[in-house]
Amino acid sequence: MAIETIHRPGALKQTNKSHKHGKHTSKRELERLTKGKVNLKTITRRPNRQQSRDERRQQAVQLRKNKRQEAIALKRAIGGALTAPFLTCVLPLNEMIDPNSALAFIQGCDPEATVTKVSERIRYMNVPRFRQRFSFVVPEIGHGRELNVLDTLKVCDSVVLLLTAVAGDADEMIDKFGAKVLNMALTQGLPTPMVCLMDMQSINPKKRTQTKASIQKVVSGVLPDEKLMELEKLTDGLNLLRRIGGQKRRVMHNRSNRPHMLGEKVEYVANPPDAGQNQPMGTLKVTGFIRGVPLSVNQLVHIPGLGDFQLQQITSPTDPYKMRRLDDGEMSCAEERAPIVADPELQTTLQRENIPDEMDAEQTWPTEDEIAASRDENKKKIIKRVPKGMSDYQASWIPDIVEEDEDEDDDDDDDDGQYMSCESDNESKVADGGESDDESIQFDQISVSDEGPVSADRYDKEIDMEEERITLAKIQAAKVDEIFPDEIDTPADKPARERFVKYRGLESFRSSPWDVKENLPFEYARVYQFKNFDHTKRRIVREAQQKEGDDVAMPGWYVQLHVKNVPQNVWSAFLSTGNGERLIVYGILSYEHQMSVMNVCLKRTQNSTIPIKSKERLIVQCGYRRFIVNPIYSQHTNGDKHKYERYFRPGMTVVATFFAPIQFPPSPIVCFRENPDTSLSMVASGSLLSCNPDRVVLKRAVLSGHPFKINRESAIIRFMFFNPEDIAYFKPCKLRTKLGRVGHIKESLGTHGHMKCVFDSQLKSHDTVLLYLYKRVFPKWTYEDCIVSCQPDREPSCSTSKGERSVTFKAKVEMMQE
């Protein structure tokens with residue numbers, strides 16, 4: 001009988017690869033593992049399957065329908081019978097155009113329309129054909145009125161730009177003032193524009209097509225998406241109304257996130273005399289339509305030119321511009337509303353600054369045992385005098401230094417020995433106001449065609465030579481700083497360890513730590529800070545849009561705001577500027593009246609060529625506010641430390657830091673500088689980054705030395721220091737060269753400042769050795785509200801104090817609109 005053997009594979013048996021299921025388990029393996037059990041979540045969960053063609057088509061239709069409904073709701077939010085009318089600004093871009101002639105075409109285009117003239121600059125129009133209401137406002141135009149035009153454009157839904165065909169050349173269609181205002185408006189955010197061309201009937205019919213094409217080319221260079229509309233007859237006015245009511249409007253978030261109102265009627269009621277008040281107060285009653293988001297009677301309001309105030313109550317008078325007469329059963333909601341009175345317990349206070357406790361974190365008086373122990377300890381220890389701003393690890397290698405001066409006001413000019421400051425001369429010149437008013441008026445009235453060529457003596461008489469000298473010195477200093485950035489000559493008559501006592505060396509500017517709470521100035525105890533600024537901004541904006549309750553006035557209501565505690569002298573000064581017939585009121589969101597450190601990103605405008613020195617006085621328009629500050633500039637980079645910039649040169653993009661009230665982005669920024677003739681010129685524009693006091697701005701000082709003797713790995717450097725004590729003081733700092741070598745100080749040679757340094761490779765004879773030192777700089781508390789000053793406008797002299805110069809500067813900024 002044969003024996004059956006079983007074959008057993010050996011060690012060399014071939015094993016094929018198993019099937020690759022990917023990164024997931026196969027269906028068969030899942031069934032084997034679950035053994036028929038099914039999870040409840042798997043049954044109830046919607047299967048992730050691919051949609052069919054009909055389902056995808058239906059989903060696209062639904063999305064398109066939702067977007068259409070949102071667009072229709074946005075259009076119907078204004079202009080209806082029970083909503084606020086369309087607010088349109090009529091802005092001529094040439095002084096030859098009369099805006100009243102354009103309004104005449106618009107008002108007479110529909111015989112059934114009802115036109116109500118509130119004042120010379122505000123008119124309402126109801127058009128039953130479109131079932132829409134319109135409001136037209138004409139701002140005051142002229143040199144010195146640019147800020148009025150900008151304030152009006154902030155609250156308007158659309159703007160009608162008027163051009164004339166009889167201006168001559170196409171390049172002269174927009175005059176100097178029109179180009180200046182249009183540039184500022186585009187920078188701060190232009191509402192939905194419409195460009196209308198007038199006076200085409202006066203052009204030869206054969207040249208009308210060519211003239212219109214040349215003007216369209218000019219308009220396309222400024223507004224690429226806009227096409228010209230003729231405004232020559234009543235039909236053109238009707239087409240313009242139809243476009244205003246049906247166009248897609250631009251969303252300006254800075255305006256739509258806050259309640260705002262154009263006050264068409266203003267009344268000031270003085271309060272009875274009160275012995276406890278320092279100055280007479282009164283109540284300002286402003287009437288108009290609320291726009292944007294709901295307005296609470298307990299929140300603060302801001303009036304440009306007057307300041308921040310509290311509301312006393314909100315009343316709802318009858319809407320005089322309603323579309324039709326309502327029946328008795330359709331009583332207007334405004335007639336049934338009761339006055340909304342503010343609650344003193346819930347009302348936001350006007351306190352801007354945090355009141356710091358000077359005794360906070362102070363230690364208690366020590367006991368007798370502690371005093372005795374400290375005396376015994378002092379006998380054994382060696383006490384070092386450490387400068388303010390140095391940490392413990394830096395004090396370990398400081399042998400002994402001179403005590404720091406008590407003066408905390410560290411200006412730029414103290415750190416830059418080679419940069420001579422002209423700031424004092426500039427301030428005195430700004431306060432002086434330049435030439436006298438009589439001479440400027442006489443010069444403006446003289447025509448070149450009548451008087452012939454201007455003589456050299458007369459031209460030299462009108463030139464301000466002091467301003468020319470200051471500007472030239474500023475340009476030269478900026479060029480030197482650009483060629484040799486941050487390089488400072490070591491003083492030979494003063495020890496470097498005393499001259500740069502506030503500076504410290506960093507191993508790496510990017511990665512070396514810097515405590516953001518170290519040695520903060522006292523002003524930082526007066527500001528507020530958010531734990532998470534972006535999260536707070538989203539929460540505040542969401543709450544403002546969803547605000548409801550009995551103390552809230554909704555958008556579209558025709559209301560009268562009672563603004564309390566308005567100083568009577570400030571209101572009288574505001575009336576003298578010619579703005580008393582209309583006001584613009586903004587509702588301030590939560591925390592926006594409190595002070596903080598504001599960081600804004602700025603870029604120089606094309607027409608501005610003069611360098612701006614850090615801490616130079618500027619007029620800043622941030623959103624709905626306008627104020628005067630002295631910002632410091634730093635590089636717009638990532639990281640936790642940012643390099644300080646001494647000059648804001650043309651073509652640069654920097655971050656300006658200054659103290660100002662909190663404002664949530666997006667907020668457009670426009671910066672102005674006052675010229676010697678009290679006119680304003682736009683020098684920079686940008687947007688708000690954040691309100692964060694923890695932004696570290698480091699000022700750099702670069703000490704330079706030159707090779708005296710060069711060896712293979714070492715070199716003798718001179719002219720960086722002039723005594724051995726300074727060399728020993730700065731020995732822990734790293735050295736760098738302009739050609740990329742890295743090294744350190746090894747020892748001092750002699751008594752005249754020569755030192756032996758070791759580098760990573762041999763130096764070149766034309767190389768320069770650099771030592772980088774840093775210190776943190778802070779902005780100065782120079783915030784001033786740009787409000788109407790009730791002080792008389794006097795001509796100060798150079799001997800006036802700094803406070804008097806600032807008051808006069810503020811008065812001139814606003815009084816130039818007279």
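Residues numbered from 1 in each chain as written. Predicted model: local features only at pLDDT ≥ 70, side-chain atom pairs only at ≥ 80, totals over all residues. Heavy atoms only, no water.

(A) Fine view of the overall build of the protein. Secondary structure summary: the protein contains 23 helices and 34 strands in total. In the protein, the proportion of contacts linking residues at least 24 apart, taken out of those at least 6 apart, comes to 78%. Accessible surface computed for the protein: about 45,300 Å², of which carbon and sulfur atoms make up 50%. (Helix = DSSP H or I, 4+ residues; strand = E, 2+ residues; numbered from the N terminus. Contact = heavy atoms within 4.5 Å. Areas by Shrake-Rupley, 256 points an atom, 1.4 Å probe, with all protein chains shown as cover.)

(B) Structural view of the side chain of Arg625. By the secondary structure assignment, Arg625 is in strand S21 (residues 625-629). A distance of 3.2 Å separates a polar side-chain atom of Arg625 from the backbone oxygen of Glu592. (Polar contact = N/O pair within 3.5 Å; in protein donor to acceptor, adjacent residues only side chain to side chain.)

(C) Looking closely at unusual backbone geometry. Each neighbour pair has its own omega, and for Pro665 with Pro666 the value is 0°, a cis peptide bond. Within the secondary structure layout, Pro666 lies in the loop between strand S25 (653-661) and strand S26 (668-674). Of note in this structure, Arg131 is not a glycine but carries a positive phi near 55°. You can see Arg131 is positioned in the loop between strand S3 (122-127) and strand S4 (132-137). Since its relative accessible area comes to 70%, Arg131 is described here as exposed. Notably, Lys615 is not glycine yet its phi reads approximately 70°, a positive angle. Examined against the element boundaries, Lys615 turns out to sit in the loop between strand S19 (612-613) and strand S20 (618-622). (Buried < 20%, exposed > 50% of the residue type's maximum accessible area, 1.4 Å probe, protein only.)

(D) Here's a closer look at the confidence of the model for the protein. Chain-level pLDDT for the protein is 79 on average; 78% of the residues reach the 70-or-more range. Of the regions scoring below 50 in pLDDT, residues 417-452 engages in 46 contacts with residues more than four places distant in sequence or in other chains. Considering only residues more than four positions removed or in separate chains, one finds that residues 790-818, a stretch of pLDDT under 50, has 55 contacts. (pLDDT = per-residue confidence, 0-100.)

(E) The nonpolar core, seen in detail. Membership of the largest hydrophobic core comes to 51 residues, with the highest contact counts inside it found for Leu91, Leu161, Leu163 and Phe672. Apart from residues no more than four positions distant in its own chain, Leu161 is found in contact with Leu91, Leu93, Leu182, Pro193, Met194, Val195, Cys196 and Leu223. Of all hydrophobic cores here, the second largest spans 36 residues; its members include Phe530, Phe659, Leu688 and Tyr783. (Core = buried A, V, L, I, M, F, W, Y, C linked by side-chain atoms within 4.5 Å.)

(F) Here's a closer look at empty space enclosed by the protein. As enumerated under the stated definition, the model contains eight cavities of 30 Å³ or more in all. Looking at the second largest cavity, its volume works out to about 70 Å³. Around the second largest cavity sit 11 residues that line it, and His302, Gly305, Arg626, Cys786 and Ile787 are the ones nearest its centre. The residue inventory of the lining of the second largest cavity, partitioned by class, reads five nonpolar, three polar and three charged. (1 Å grid on protein atoms, 1.4 Å probe; cavity = no way out; pocket = protein on both sides within 12 Å on 5 of 7 lines; lining within 4 Å. Points joined across faces, edges and corners; volume = space filled by probe spheres on them. Nonpolar A, V, L, I, M, F, W, Y, C, P; charged D, E, K, R; others polar.)

(G) Molecular detail of the pattern of salt bridges. Inspection of the entire model under this criterion finds 27 salt bridges. The shortest N-O distance in the salt bridge between Lys117 and Glu120 comes to 3.4 Å. One salt bridge in this structure joins Lys154 and Asp151, with 3.6 Å as the shortest N-O distance. In this pair, Lys154 and Asp151 both sit in helix H5 (residues 146-155), three residues apart, roughly one turn of the helix. A relative accessible area of 10% places Lys154 in the buried class. One network of salt bridges, with partners in common, ties together Asp308, Arg352, Arg625 and Asp785. (Salt bridge = Lys/Arg side-chain N within 4 Å of Asp/Glu carboxyl O.)

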